[in-house]
Amino acid sequence: MMKISMICMSMLATANGFTLITNGRSFGAARAATSLNDIKIYYSSSTGNTETVAGYISEAAGGLAMDDISDAKETELIENEAMIVGAPTWNTDADEQRSGTSWDEWLYDTLPNIDLKDKKVAVFGCGDQESYGDYFCDAAGELYDCFTAAGCKMYGMTSTEGYDHSDSKAQRGDKFVGLLCDEDNQYDLSQQRAGAWIEQLKAEGFF
């Protein structure tokens, strides 16, 4: 007669699923990825280019919600696990308030009064390499600096390869602070760049 030994198994409830105990060893369920409902895109746009790129990002990520930063609710910003923020650049070579949009006031009047410490943030921006090659996507650099100063965890820096600009306040060494798009001169690359960026963010643990 075969002797069958009983294996003691118990399920321990946890916040993220369960832990399986087998012969004294535990196997925790992997922590669930950040839900799309907990991530939102915030942008502001003058000509519609930044909104277009926000749409590409949303689609590539599986349908992220989008909102103009002027309509953002502080409670929502605090509750979200992560956010993607984007702006155009109109006030070229300015030290601050570079976007010429609602971001200019929000970054200095609202952001300092919200607790976003350790919030996951990724930045994107729109610019014109040919007409404003010395100031390409400067406002994206301002977003990066302001959210960094607020204690956020920044994700999604990208390579400067494939661009034809002279200078940018959104550049840190050989990297851009996030996804930069040129809807005036390289519009045919924006959707592809957005898709690649989302895959990069997934690999970095943003989602």
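Before going into details, it helps to say that this report is about the structure given with it. Please read all numbers here as calculations on a predicted model, not as lab measurements. Along each chain, numbering runs from 1 in the same order as the chain's sequence is written. pLDDT decides what is reported in this predicted model: residues at 70 or higher carry local features, side-chain atom pairs at 80 or more are listed and counted, and totals for whole chains, interfaces and linings draw on all residues regardless. With hydrogens and water set aside, each side-chain value is computed from the structure's full complement of heavy atoms.

**Thoughts on the nonpolar core**
As a reminder, the rule being used: What we call a nonpolar core is a set of buried Ala, Val, Leu, Ile, Met, Phe, Trp, Tyr and Cys residues that are connected through their side-chain atoms within 4.5 Å. When accessible area is computed with a 1.4 Å probe and restricted to protein chains, residues below 20% of their type maximum are described as buried, those above 50% as exposed, and intermediate ones as partly exposed. Every helix listed is a DSSP run of H or I at least four residues long, and every strand listed is a run of E at least two residues long, numbered separately from the N terminus. Working rule for contacts: check all heavy atoms of both residues, and any pair within 4.5 Å makes them a contact.
Membership of the largest hydrophobic core comes to 29 residues, with the highest contact counts inside it found for Val85, Trp103, Trp106 and Phe147. Of all the elements in the fold, those that place two or more residues in this core are strand 6 (82–88), helix 3 (103–109), strand 7 (120–126) and helix 4 (138–149). Every residue in contact with tryptophan 106, bar those within four places of it in the chain, is listed here: Ile69, Leu77, Leu111, Pro112, Ile114 and Phe147. By size, the runner-up hydrophobic cluster in this structure holds 22 residues, among which are Ala54, Ala61, Ala82 and Leu201.

**Examining the environment of leucine 189**
Structurally, leucine 189 is set in helix 5 (residues 187–204). Note on leucine 189: relative accessible area 29%, which makes it partly exposed. Distance in space between the C-alpha atoms of leucine 189 and glycine 162 is 10.0 Å, their sequence separation being 27 residues.

**Focus: the pattern of salt bridges**
Formally: For this analysis, a salt bridge means a side-chain nitrogen from Lys or Arg found within 4 Å of a carboxyl oxygen belonging to Asp or Glu.
Evaluation of the coordinates by the stated rule reveals 6 salt bridges. The salt bridge involving lysine 40 is made with aspartate 67; its shortest N-O contact spans 3.4 Å. Highlighted residues: lysine 40 in strand 4 (residues 39–43) and aspartate 67 in strand 5 (residues 65–68), separated in sequence by 27 residues. Across the pair glutamate 76 and lysine 40 runs a salt bridge, and its minimum N-O distance is 3.2 Å. In this pair, glutamate 76 sits in helix 2 (residues 74–79) while lysine 40 sits in strand 4, placing the two residues 36 residues apart along the sequence.

**Let's talk about the pairing of strand 6**
The following threshold applies: A pair of strands is labelled paired if DSSP reports no fewer than 2 bridges between them.
The element strand 6 is largely enclosed, with a buried count of 7 among its 7 residues. Both strand 4 and strand 6 contribute to a ladder of 5 bridges, which runs parallel. Bridging from a neighbouring strand, isoleucine 41 pairs with isoleucine 84 of strand 6. Here strand 6 pairs with strand 7 via 7 bridges, running parallel.

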